[in-house]
Amino acid sequence: MSRTGKAARYRLVSHPAVTDDILALAAYGPEAVAAARAALDDLAHGRVTGKPLGTRQVSGDLTGLARVKFDVPGSGAQRFRLLYADVDAATRAILAIGVRDEHAIYRTAVQRIAAREGAAGTAWPGSPGEAASD
């Protein structure tokens, strides 16, 4: 259930490091952690859809991923990003959550994709060449 009391439209699965990503946002204050949780809730309920990403000159290939911008309520800037892939019609896979500063979140995502693809030859859901499976 969400803050609205409705069941989620999408099941969210996450990279093992996403919990640490959220905890790291505490350095920006408890409001940043709450904003990340709200962004996850919005994503699970289909209230937001991210902008599709592709190859980025600074960080690398993020084709198959999308990003959602967020920040604490009342902030003029949107400092944080949530990167995810649509695995299938009912599942979204969260790859990374963090600060955009100097493209750090995008570099983190590329590193996580590369590490996963190197481990037993498994690709991250939504990464280039990855077919959705269940």
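Let me begin by describing the structure that accompanies this report. (Residues numbered from 1 in each chain as written. Predicted model: local features only at pLDDT ≥ 70, side-chain atom pairs only at ≥ 80, totals over all residues. Heavy atoms only, no water.)

### Digging into the overall build of the chain
We apply this condition: Only DSSP runs of H or I covering at least 4 residues are called helices, and only runs of E covering at least 2 are called strands; the numbering of each starts at the N terminus. Throughout, a residue-residue contact means that at least one pair of heavy atoms, one from each residue, lies within 4.5 Å. With residues, only the protein chains shown are counted as cover, and all accessible areas are computed by Shrake-Rupley using a 1.4 Å probe.
Along the backbone of the chain there are three helices and seven strands. In the chain, the order of α-helices and β-strands from amino to carboxyl end is β-α-α-β-β-β-β-β-β-α. Within the chain, counting contacts between residues at least 6 apart in sequence, those at least 24 apart form 53% of the total. Counting only carbon and sulfur atoms, one obtains 52% of the accessible surface of the chain, whose full area is about 7200 Å².

### Digging into the sheet that holds strand E7 (residues 91–99)
Strand-to-strand pairing in sheets goes through backbone hydrogen bonds, with the strands running parallel or antiparallel. For the record, the criterion: One requirement defines pairing of two strands: DSSP has to find at least two bridges between them.
Across the sheet, five strands lie side by side as E1-E7-E6-E5-E2; this open sheet has mixed pairing. Looking along the sheet, the strands with just one partner apiece sit at the ends: strand E1 (11–14) and strand E2 (51–52). With eight bridges connecting them, strand E6 (residues 80–88) and E7 associate as antiparallel partners. Opposite Phe-80, over in E7, you have Val-99 as the bridge partner.

### Things to note about the environment of Arg-92
Worth spelling out the cut-off: The definition of a polar contact used here is a pair of N or O atoms within 3.5 Å, where within protein one atom must be able to donate a hydrogen and the other to accept one, and adjacent residues in sequence count solely through side-chain atom pairs.
One can find Arg-92 in strand E7. For the pair Arg-92 and Tyr-10, spaced 82 residues apart in sequence, the C-alpha separation works out to 6.4 Å. Apart from residues lying up to four places away in sequence, Arg-92 is in contact with Tyr-10, Arg-11, Leu-12, Val-13, Leu-43, Val-48, Thr-49, Tyr-84, Ala-85 and Asp-86. A polar side-chain atom of Arg-92 sits 2.8 Å from a polar atom in the side chain of Asp-86.

### With respect to the pattern of salt bridges
Just so we agree on the cut-off: Salt bridge, as used here, is a side-chain nitrogen of Lys or Arg placed within 4 Å of a carboxyl oxygen of Asp or Glu. Only protein chains enter the area calculation, which uses a 1.4 Å probe; residues under 20% of their type maximum are buried, those over 50% are exposed, and those in between are partly exposed.
Tallied over the full model, the rule gives five salt bridges. The residue Arg-112 makes a salt bridge to Asp-21 at a minimum N-O spacing of 2.7 Å. Of this pair, Arg-112 sits in helix H3 (residues 104–118) while Asp-21 sits in helix H1 (residues 18–24); the two residues are 91 residues apart in sequence, bridging distant segments of the chain. The pair Arg-112 / Asp-21 is uniform in exposure class, with both members buried. With its nearest N and O atoms 2.8 Å apart, the salt bridge here joins Asp-42 to Arg-47. Where salt bridges share partners, they join Asp-41, Asp-42 and Arg-47 into one cluster.

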